[in-house]
Amino acid sequence: MTELKFNDAGGLEIVPSQDSSQKDFDFYIGKWRIKNRKLKTRLNGCTEWVEFEATDEDYKTLNGLGNVNHFRTTVDGQPFEGMTLRLFNPVTKLWSIYWADSSKGILDAPVTGSFTKNTGLFYTTDIFEGREIIMCFHWDKTDRDNPVWSQAFSADNGKNWEWNWYMYASRIS
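Being a predicted model, the structure only gives us computed values, none of them experimental.

Trainee: Mind showing me how you'd approach the side chain of Asn-67 here?
Mentor: Within the secondary structure, Asn-67 is located in strand β5 (residues 66-75). Side-chain polar atoms of Asn-67 contact the side chain of Arg-86, separated by 2.6 Å. When sequence neighbours within four positions are dropped, the list of residues in contact with Asn-67 reads Phe-25, Ile-29, Asp-58, Tyr-59, Lys-60, Thr-61, Thr-84, Leu-85, Arg-86 and Trp-95.

Structural data, given as structure tokens:
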């Protein structure tokens, strides 16, 4: 984790890494099997994890300035779909990652950030169950055929983090 920076108005300030590029997510183009490990509830001391399988397919769009993925699984016996839209801004050198799923049907506010070598860190402020939080997405692409995505919430401006979801991807040939 990097130390978070805030502007004079208290807003989260996100600065790209020097090597940020529109090719940062090229490793994820293709089809994946996903092992998910997710806390049953969040920001309340829960230690019970729920594990489930999913599939994911990712492709480039906008001549490489973006990519889209389609996440599919079953939750409580019901089909569940999610999609991610990732867009690279060549001016700011930052990625914005938007999520939507079949339970809400809306695009969430983006998490924004960049990669430094094999580690991607992306942040946003949000409201979770009435509480202001900072959300972090962490990508580890050290093993490009088995990357790991994880998510954390902080309710105290980044002093403490609760890691609440891990996705272990395995490339489908």
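So that's the structure; there's more coming.
Trainee: What is the right way to look at the pattern of salt bridges in this model?
Mentor: Think of it this way: side chains of opposite charge can pair up when their charged atoms draw near. For the structure shown, the criterion picks out 6 salt bridges. In this structure, Asp-145 and Arg-171 form a salt bridge, with 2.7 Å as the shortest nitrogen-oxygen distance. Residue Asp-145 is located in the loop between β10 (131-140) and β11 (148-154), and its partner Arg-171 is located in strand β12 (residues 162-172); the two are separated by 26 residues in the primary sequence. Judged by relative accessible area, Asp-145 falls into the partly exposed class, the value being 41%. Taking the relative accessible area as the measure of exposure, Arg-171 reaches 28% and is therefore partly exposed.

Trainee: Looking at this structure, I do not really get unusual backbone geometry. What am I missing?
Mentor: Where the residue is not glycine, phi is negative for most of them; where a peptide bond is considered, it is trans in most cases. Here Leu-62, not a glycine, exhibits a phi torsion of approximately 55°, which is positive. For Leu-62, the position within the fold is in the loop between β4 (49-61) and β5. Within the chain, Asp-76 stands out as a residue other than glycine whose phi angle is a positive 50°. With respect to the element layout, Asp-76 can be found in the loop between β5 and β6 (78-89). According to the relative accessible area criterion, Asp-76 is exposed, its value standing at 77%.

Trainee: Explain the side chain of Ser-96 to me, please; I cannot follow it from the model alone.
Mentor: Along the chain, the position of Ser-96 falls in strand β7 (residues 94-101). What makes Ser-96 buried here is its relative accessible area of 17%.

Trainee: What is the right way to read the pairing of strand β9 (residues 119-128) from this model?
Mentor: A regular strand carries its side chains on alternate faces of the sheet. Here strand β8 (residues 111-116) runs beside β9; their pairing, made up of 5 bridges, is antiparallel. Among the inter-strand pairings, Ser-114 is bridged to a residue of β9, identified as Leu-121. Linking β8 to β9, which pair antiparallel, is a turn of 2 residues; within it Lys-117 sits at a positive phi near 55°. Sheet analysis places β9 next to β10, joined by 10 bridges and oriented antiparallel. Among the inter-strand pairings, Ile-127 is bridged to a residue of β10, identified as Glu-132. Connecting β9 to the antiparallel partner β10 that follows it, the hairpin turn spans 2 residues, and Glu-129 within it adopts a positive phi of roughly 50°.

Trainee: What am I meant to see in the packing of aromatic side chains here?
Mentor: Two numbers describe a pair of aromatic rings. These are the distance of the centres and the angle of the planes. All chains considered together, the criterion is met by 20 aromatic pairs. Ring centres of Phe-27 and Tyr-28 lie 5.8 Å apart, and the angle between their planes is 55°; this geometry places the pair in the tilted category. Of the residues examined, Phe-27 reaches a relative accessible area of 5% and is grouped as buried. Overall, the relative accessible area of 2% leaves Tyr-28 in the buried class. Taken together through their ring pairs, the aromatic side chains of Phe-25, Phe-27, Tyr-28, Trp-32, Phe-88, Trp-95, Phe-115, Phe-122 and Trp-139 make up a single cluster. A cation sits over an aromatic face here: Lys-38 above Trp-165, 4.2 Å from the ring centre. The side chain of Arg-86 reaches across the aromatic face of Phe-25, ending 4.8 Å from its centre.

What counts, and where the lines are drawn
Counting starts from 1 at the beginning of each chain's written sequence and moves along it residue by residue. Where local features are concerned, this predicted model is filtered to residues with pLDDT of at least 70; where side-chain atom pairs are given and counted, the filter is 80 or more; whole-chain, interface and lining totals use all residues. Hydrogens are left out, water is left out, and the side-chain values use all remaining heavy atoms of the structure. A run of DSSP states H or I qualifies as a helix once it reaches four residues; a run of E qualifies as a strand once it reaches two. Both are numbered from the N-terminal end. Counted as a polar contact is a pair of N or O atoms within 3.5 Å, where, for protein atoms, one must be capable of donating a hydrogen and the other of accepting one, and residues adjacent in sequence contribute only when both atoms are in side chains. Note on definitions: a residue-residue contact is assigned when non-hydrogen atoms from the two residues lie within 4.5 Å. Within this document, salt bridges are pairs made up of a side-chain nitrogen of Lys or Arg and a carboxyl oxygen of Asp or Glu, the two lying within 4 Å of each other. For the exposure calls, accessible area comes from a 1.4 Å probe over protein chains only, and a residue counts as buried if that area is under 20% of its type's maximum, exposed if over 50%, partly exposed in between. In this description, strands pair whenever DSSP reports at least two bridges between them. The rule is short: rings of Phe, Tyr and Trp, with Trp giving its six-membered ring, pair when the centres are within 6.5 Å, and they are stacked under 30 degrees, edge-to-face over 60, tilted in between. As a reminder, the over-ring test applies to NZ of lysine and CZ of arginine, requiring each to be within 6 Å of the ring centre and within 35 degrees of the ring normal.

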